Amino acid sequence: MKIRELLPHTHNHLSGSIKLNWEKDFEFSIPHDVTELIDTVFSFQNVNVMSGNIDYVIECTKIILLDIVDSKRKIGDVEGVFVLNYIQFNITILPLDYYVNVGWHQESYNWVAYSLCDDLSDAQVKEFEVIRLVSFIKHPVLVDILNPCVISRWISGFYYMARSLSAIPDVGKEILQWSLDISIRALHLNCVDNFSDAYSQMACWSANYDDPRIWEIVKVMEDIAVNELAPEQLRCNFLVAMSTVVGRYTSRNSWEWAQEALETYPHLLKGHQTLQLSLDGINWADPESININVDIAIREIEKINKLNVEHAKGNQLLLYKLTDRLVSLIGPFIGTCIRNGRAELAITILHSWYLTEPNNPLKSEELLVFYPNYAFSLIYSIEGKSLVIERNQGNELQTMMATANDFLGISCSVGMVSDFVLNVPEEGRFGVPSDTASDEFERQLVEFYDLRNLKACCEKQSLKNIRGYISIPSHQQPIQYLLNKYLSVTWPYAVSLEKPFADRKVGRICMWCGAGSITEDIEVNAVSSIFTKHGIGVDYFPSDSTTVEQFKEIYQGDKYDLIWLMSHGEFDHWKPGAASIEIEQGVSISLDEILRLDVPNHDNRRLLLFNVCDGATYSNLGGLPRLGFAPALSNPSQCVISHLWPVNPWSAALFGALYAVNLSKTSSFFEGYVCTLNDFLLDRGQILQIVEEQVDDGQVLLERLTNQNIDYSLLAHAGSSAFFQ
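Figured I'd write up the structure that's included with this text. (Residues numbered from 1 in each chain as written. Predicted model: local features only at pLDDT ≥ 70, side-chain atom pairs only at ≥ 80, totals over all residues. Heavy atoms only, no water.)

As a further point, take the packing of aromatic side chains. According to the stated counting rule, one finds 38 aromatic pairs in the structure shown. Ring geometry for Phe-158 and Tyr-159: centres 4.9 Å apart, planes at 85°, overall edge-to-face. What makes Phe-158 buried here is its relative accessible area of 0%. A relative accessible area of 0% means that Tyr-159 is categorised as buried. A cation sits over an aromatic face here: Arg-252 above Trp-257, 4.1 Å from the ring centre. Note that Arg-606 overlies the ring of Tyr-555, its terminal NZ or CZ placed 4.8 Å from the centroid. (Phe/Tyr/Trp six-rings, centres within 6.5 Å; stacked < 30°, edge-to-face > 60°. Buried < 20%, exposed > 50% of the residue type's maximum accessible area, 1.4 Å probe, protein only. Lys NZ or Arg CZ within 6 Å of the ring centre and 35° of its normal.)

Time to look at the state of the cysteines. Evaluation of the coordinates by the stated rule reveals 1 disulfide. Note that Cys-149 is cross-linked by a disulfide to Cys-191, the S-S spacing being 1.8 Å. Note on the Cys-149 and Cys-191 pair: the S-S dihedral is about 80°, so by sign convention the disulfide is right-handed. On the criterion of sequence distance, the pair formed by Cys-149 in helix α9 (residues 148–165) and Cys-191 in the loop between α10 (169–188) and α11 (192–209) is long-range, its members being 42 residues apart. For Cys-149, a relative accessible area of 11% translates into the label buried. Cys-191 sits in the buried class, given a relative accessible area of 17%. Left unpaired, Cys-204 is separated from the closest cysteine sulfur, that of Cys-236, by 14 Å. Classification of Cys-204 by relative accessible area gives buried; the value is 7%. (Disulfide = S-S within 2.5 Å. Helix = DSSP H or I, 4+ residues; strand = E, 2+ residues; numbered from the N terminus.)

Burial along strand β13 (residues 721–724) is two-sided: Ser-721 and Phe-723 and Ala-722 and Phe-724, pointing in opposite directions, are all buried. When strand β12 (residues 638–643) meets β13, the two strands line up antiparallel, connected through 4 bridges. Across the sheet, residue Val-640 finds its bridge partner in β13, namely Phe-724. (Pairing = 2+ DSSP bridges.)

What follows is about the side chain of Lys-72. With respect to the helices and strands, Lys-72 occurs in helix α4 (residues 54–75). Leaving out residues up to four positions away in the same chain, Lys-72 has contacts with Val-81, Leu-84, Asn-85, Gln-88, Asp-118 and Arg-132. (Contact = heavy atoms within 4.5 Å.)

Once that is clear, we can look at the pairing of β12. With 6 of its 6 residues buried, β12 lies for the most part within the structure. Burial of the side chains of β12 extends over both faces: Gln-638, Val-640 and Ser-642 are buried on one face and Cys-639, Ile-641 and His-643 on the other. Pairing of strand β11 (residues 606–611) with β12, which is carried by 4 bridges, proceeds in the parallel orientation. Among the inter-strand pairings, Arg-606 is bridged to a residue of β12, identified as Gln-638.

Side chains carrying opposite charge are able to pair once their charged atoms draw close together. Enumeration according to the criterion identifies 28 salt bridges in this entry. Note that Asp-118 is salt-bridged to Lys-72, the shortest N-O span being 2.7 Å. With Asp-118 in the loop between α7 (105–116) and α8 (131–136) and Lys-72 in helix α4, the pair connects residues that are 46 residues apart, well separated along the chain. Here Asp-118 falls in the partly exposed class, since its relative accessible area comes to 26%. One salt bridge connects Arg-504 with Asp-558, and the closest N-O pair in it is separated by 2.6 Å. Highlighted residues: Arg-504 in the loop between α23 (479–487) and β5 (508–513) and Asp-558 in the loop between α25 (548–556) and β7 (562–566), separated in sequence by 54 residues. Exposure remark for Arg-504: the relative accessible area of 3% places this residue in the buried category. Looking at Asp-558, the relative accessible area reads 39%, which means it is partly exposed. Three or more residues joined by partner-sharing salt bridges are found here, namely Lys-72, Asp-118, Glu-129 and Arg-132. (Salt bridge = Lys/Arg side-chain N within 4 Å of Asp/Glu carboxyl O.)

Spatially, the 6 strands line up as an open sheet ordered β6-β5-β7-β11-β12-β13, and their pairing is mixed. For this open sheet the edge positions go to β6 (537–541) and β13, each flanked by a neighbour on one side alone. Ignoring strand direction, the axes of neighbouring strands in this sheet form an average angle of 15°. (Axes fitted to C-alpha atoms, helices over the stretch in contact; angles between N-to-C directions.)

Mapped onto the elements of the fold, Phe-551 is located in helix α25. Between the C-alpha atoms of Phe-551 and Ile-583, which are 32 residues apart in sequence, the distance is 7.4 Å.

The set of residues buried in helix α21 (residues 438–448) consists of Ser-438, Phe-441, Glu-442, Gln-444, Leu-445, Val-446 and Phe-448. Buried residues along α21 sit against β2 (377–382), α20 (393–408), α22 (451–458), α23 and α32 (715–718). A positive backbone phi angle near 45° is found at Asp-450, which sits one or two residues after α21.

This brings us to the sheet that holds β2. With respect to topology, 4 strands assemble into an open sheet ordered β3-β2-β1-β4, the strand pairing being mixed. Here the strands that pair on one side only, and so sit at the sheet edges, are β3 (385–390) and β4 (468–471). Each neighbouring strand pair of the sheet contributes to a mean axis angle of 15°, computed without reference to strand direction. Here 6 bridges tie β2 to β3, and the two strands are oriented antiparallel to one another. Looking at β3, one finds that Leu-378 is bridged to Ile-389.

Here it is in structure tokens:
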């Protein structure tokens, strides 16, 4: 078979770019033919990556993969399939390496999947053919050409991805011994960096899953780290690895390994290692150590932010992604600070990380801080004072997340839990709440956040200084609803970490209909009548005449104190930041597009009310929420109200009417929101009575709400909204 017949689409599209001898007969049994093809593709990939053409490399590699998979179906030769599996595996390594380095975990997962199975679709559930890896070291043709140095790069990428996403733990366990053996062979070939990277990633993965082989791995690492004859870079790399969770299995404290690396090998540290070590290397019993290391960390964060800003080139969404992909570097430190009674350090690091404006930052004593994912305790900071509830928070997290998956119809995993059961929805829209699962989800949330203890602690403090709350990591959950219902007090989600400007006095409102649904028209009539009655001007933009350009002009203008948008929102749970809202019929605006628009300068802040599905949904990457409409658009001069999931359209219309009633009675955007939360806690008859008595043009809305068999007090409806600032 000639190479052009083996790779027909590649030949048609890329024959001028990939310098293969297309007319050559390819022999599966000749090792040179195999290595020549792989090396030629490697060369093509590397040249284009060095030229900055990674998107082109990804596109071309997928074309080659399609050809390989098709050829495997055609040749009907088992030995030939083994060889093609090996070629397929090798050409996925560079894309995997790239996505690991830039922190795109989902794409990393995809390229691991492309390396071990023939399903090249975007399906989230795939069957990995792990047996392929074993065949590489047993096949008579492949055994002599197998390159441990190159394969160690794949091993490093695989375990980094598996750890970051808590994905495919069974595969990780199954291939661990094979991976250890291959990595040792790389060391014997003097591939020091490839060996240490792979071994370190396997160590971190094994430590997180408490795999018994961690002891074997750590013994190798510790022996090398203290061996003065070992290469310095190798010793440094292992010191860095043992400063993490791996340190639990060593003869010393993690912070001691970190401090040794900082002091002995500062010239050998790469990438973000100095930041990691400065935070991991703090001796909390030594105040001087704390101050020195935090200063180092802030300087390192400034370097990272500078690189991110340069890379983003003004693209705000990309900047948010670049920031979020590395947030795991600081996340554990935030929890440790609060646990040690140093919430002010946690907030200082967060301000530095998120580039908070220096003249307007919130202080630790102005925040309620949740840190719900600490392994053996639930941690809060209340006005700068720590509340630590000792318990197995890991078990609580598993229970809560399983219930959240049932409630929202999603498939979120729990980090480093190998037996956590995921039920991936096969059809329908992701993230749609279940009325029947509402009560159980609410019960689990009350337990998970231990609201009884939190309430008891809050009752002992004034709480008068609190301006907002934050959560690290930020689970997409109805915190404001829960606090209001169970603590009788709640606060805005202070995602900007900045003090908000005072609310504008609402004098004029833009009411924008995007999708043209019947609920939009009914909501407009009800809401307009309320505001008009109170002397507030309302400009109505119906869906049959609206345009995206017109909306952009209004958004960037300063005419309206409140922009009220009713439409249809979409959120892609698999692609961070992929969210959109229909602005004119059939035409949507993406989060990326709206972030490119300017918010008008004003001494007071306006309100965006996006009464749409998924307007407050965001990708949770471990830090503060950024990758969603409501959190991304919040800043001191603009607060946002929207919904955390696809909201029932009649619940949305009811929310709009009740909020209009409450806002017209108060000068505070947030106070009106809290009053609306309270209204949803009433029984159905009382809610409908408010609509009947206080909405002048609400008869149609009242009739429709009455005819709906909806319990509006359920979490799915009463807890859907969120207020960001």
